[in-house]
Amino acid sequence: MNYTNSIAQVIDLLDQLDADLADDGVLNGHHNATSYEISGAFWFQGWNEQYDEEGGYTAAQLKAEYQDNLIDLIHSIRGADTRIPDDLKFIVGESADQDVTLNAARVGAVKALNTEIPNSAAYFGTTELKDVDYGNNEDGVPFSSGWGSHYHARAESYLEIGWKAYSALNTL
């Protein structure tokens, strides 16, 4: 369902952009650009990739199939609409709380995608962001308290993830 909704939103956006271009040749809400280009996508998923409570798959099954499933997902996104390039670049990041099997599957998927279409995918890791100490809040409670390893819900971590994704894109 999430995939279907996400693709529908992208296609709706492309339809809106095309309609905006059709009326006067410029994208009025986008600095009067005269065209647009879909140049890349970012895949960054979390811990829940290894769970499927409704589908009946075990964590071991999901981990074993993750690389192939990620490749299939990227092929599906690339083929979802004629306005999406067949060689759409993908940046694949790890979630710092993932295990080595899922991280290896991401790296393997990127290698396979680059074998199919050279320089079409890049990977970056976030392990060094796990368990960063951001100090305490005004009540003396550590910012990391209660947030597990999900980057402690800190803007600093997500900004760093953005920079890492940008750097990965520049390798393509």
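Rules behind the numbers
Residues numbered from 1 in each chain as written. Predicted model: local features only at pLDDT ≥ 70, side-chain atom pairs only at ≥ 80, totals over all residues. Heavy atoms only, no water. pLDDT = per-residue confidence, 0-100. Helix = DSSP H or I, 4+ residues; strand = E, 2+ residues; numbered from the N terminus. Phe/Tyr/Trp six-rings, centres within 6.5 Å; stacked < 30°, edge-to-face > 60°. Buried < 20%, exposed > 50% of the residue type's maximum accessible area, 1.4 Å probe, protein only.

Glancing now at the confidence of the model for the protein chain. Mean pLDDT for the protein chain: 87, with 91% of residues reaching 70 or above. Looking across the protein chain, the model is least confident in helix H4 (residues 155-169), with a mean pLDDT of 89, and most confident in strand S3 (residues 121-124), with 96.

A ring pair, where both rings are aromatic, is described by two values, the distance of the centres and the angle of the planes. According to the stated counting rule, one finds 4 aromatic pairs in the structure shown. Here Phe-42 and Phe-44 contribute two aromatic rings whose centre-to-centre distance is 5.8 Å and whose plane-to-plane angle is 25°, an arrangement assigned as stacked. Here Phe-44 falls in the partly exposed class, since its relative accessible area comes to 24%. Each ring, one from Phe-44 and one from Phe-124, has its centre 6.3 Å from the other, and the planes form 5°; the classification is stacked. Taken together, the positions of Phe-44 in strand S1 (residues 40-44) and Phe-124 in strand S3 put the pair 80 residues apart, joining distant regions of the chain. The exposure class of Phe-124 is buried, given its relative accessible area of 6%.

Let's shift gears to the environment of Ser-76. Positionally, Ser-76 belongs in helix H2 (residues 59-78). Taking the relative accessible area as the measure of exposure, Ser-76 reaches 31% and is therefore partly exposed. Sequence separation between Ser-76 and Tyr-3 is 73 residues, and the spatial gap between their C-alpha atoms is 9.9 Å.

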